Amino acid sequence: MRDVAKLAGVATSTVSRALANPGRVNETTRRRIVAAVEQLGYVPNATARNLRVGKPNIVMVVMSEPAIANDVSQVTSEALQSAASTLSDAGFNLVIASRSRSAEEKHIPDLAVGGIVAGAIVLGSGELPSYGRRSLAGAGIPIVCLLHDRSADGLPSVVANDREAMREAVQHLIGLGHRSFFYSAGPDGNYHETERFAGVAEAVAAAGLPSRAVVRHGGGHSFQDGFQCGIDAARAYLARKRRPTAAVCCWDDAAIALMSTVRAQGVSVPGDLSVIGFDGAPVGAFCEPPLSTIRQPTAGLGATVARILLKLLDGDAADLPLKTTLPCRLLLRASTAAPRSGGS
């Protein structure tokens, strides 16, 4: 910092103010300092800053289940990018603290207890990491959950309205005339699978249809195995003597693979089978036919979880709800239509 100050022709304290609070330094001086920083390749020492101001500026993301693959998806990536951007604007950096089946996980509670991180964003529904007498839950730092509802455990949670969104999608199919459904399930016991299948069941029940109107297949795959899940589901669908007129999939990868596989066997989409997915992956718009799907509010989820964490860090938690739910959006494309026979 002294080298930057010398090159810019200012005091070291002015450099410090310009980097920490740019608005407190006039624009001409700030530009000279920025030019000197870039010329010298200067990077502020985060550890030294933490010691000086008395608090860390790092937020840790924790995958709370060893089976990280069940929660890693495009949705997770987009949400975390949005969270990182919001936190960065407030002067915080986001880091990933990964978990492993084979390695001790003491680094996660150590980071929390040791004052290295200011707070944590948790993904997943498993037990929070602990080692010996140290634990993330007992570290005394703010913790907010993303994509999973853990409000019952007292943890502020930011989620999409998976159940309501899936119910709306199936109600749309029912409105088109569909009366029989093939459901390609996500991982058994997963929060998203539970919520989304519940939405399917509620829509069917509300329409006065029997539970047997829905044929559920799968449950053994992780979300990373989406294409294989869709292929397996398509084979099960093709093997049925009486085939449902609509297929509803827990996520887009499965829907895309299912649609491609049945079409290769002469099934017309949407003539013989309407197909709808969940997540809103951009690739769905380029399928043949383009995939109807439910778009998750990924940017909103990430920004919201970051804003809640920032309020907790500021001690402003009086009016914060334990659960914040953001709406999904139904994207209707060419993979859904009224059944040829008027439904069965």
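Everything discussed here concerns the structure shown above.
The sections below set out a description of the structure shown in this document. (Residues numbered from 1 in each chain as written. Predicted model: local features only at pLDDT ≥ 70, side-chain atom pairs only at ≥ 80, totals over all residues. Heavy atoms only, no water.)

## Points about the nonpolar core
Defined as follows: Nonpolar cores were defined as sets of buried Ala, Val, Leu, Ile, Met, Phe, Trp, Tyr and Cys residues, with membership established by side-chain atoms within 4.5 Å. Exposed residues in this analysis have more than 50% of their type's maximum accessible area, buried residues have under 20%, and partly exposed residues fall in between, with area computed by a 1.4 Å probe over protein chains only. A contact between two residues is defined here by any heavy atoms of the two lying within 4.5 Å.
By size, the foremost hydrophobic cluster in this structure holds 69 residues, and its most contacted members are Ile121, Leu146, Phe181, Leu258, Val262 and Val275. Leave out the neighbours within four places in its chain, and Leu146 touches Ala79, Leu80, Ile121, Val122, Leu123, Val158, Leu301 and Val305. Counting residues in each nonpolar core, the second largest holds 16 residues, with Ala97, Ala120, Leu136 and Ala139 among its members.

## Regarding the side chain of Thr298
Heads up, the rule is: Numbering of helices and strands runs from the N terminus, with a helix taken as a DSSP run of H or I at least four residues long and a strand as a DSSP run of E at least two residues long. N or O atoms closer than or at 3.5 Å make up a polar contact, with two conditions inside protein: a donor-capable atom paired with an acceptor-capable one, and, for residues adjacent in sequence, both atoms drawn from side chains.
For Thr298, the position within the fold is in helix H11 (residues 298–313). In this structure the side chain of Thr298 is engaged in a polar contact, spanning 2.9 Å, whose partner is the side chain of Glu78. Leave out the neighbours within four places in its chain, and Thr298 touches Val75, Glu78, Ala79 and Ser82.

## Quick look at the sheet that holds strand S11 (residues 274–276)
Selection rule: Any two strands between which DSSP finds at least two bridges are classified as paired. Whenever a helix is involved, its axis is fitted only over the stretch in contact; in every case the axis is a line through C-alpha atoms, and angles between N-to-C directions fall within 0 to 180 degrees.
One open sheet holds the four strands; their spatial order is S9-S8-S10-S11, and the pairing between them is parallel. Lying at the two open borders of the sheet, with one neighbouring strand each, are strand S9 (214–218) and S11. Ignoring strand direction, the axes of neighbouring strands in this sheet form an average angle of 20°. Bridge analysis of strand S8 (residues 181–185) against strand S10 (residues 246–249) gives four bridges, and the strand direction is parallel. Counted as the bridge partner of Ser184 is Cys249 from S10. Contacts between helix H8 (residues 191–206) and the sheet are confined to S8, S9 and S10, with S8 contributing the most and set at about 170° to the helix.

Function-wise, these values are silent; they only describe arrangement.
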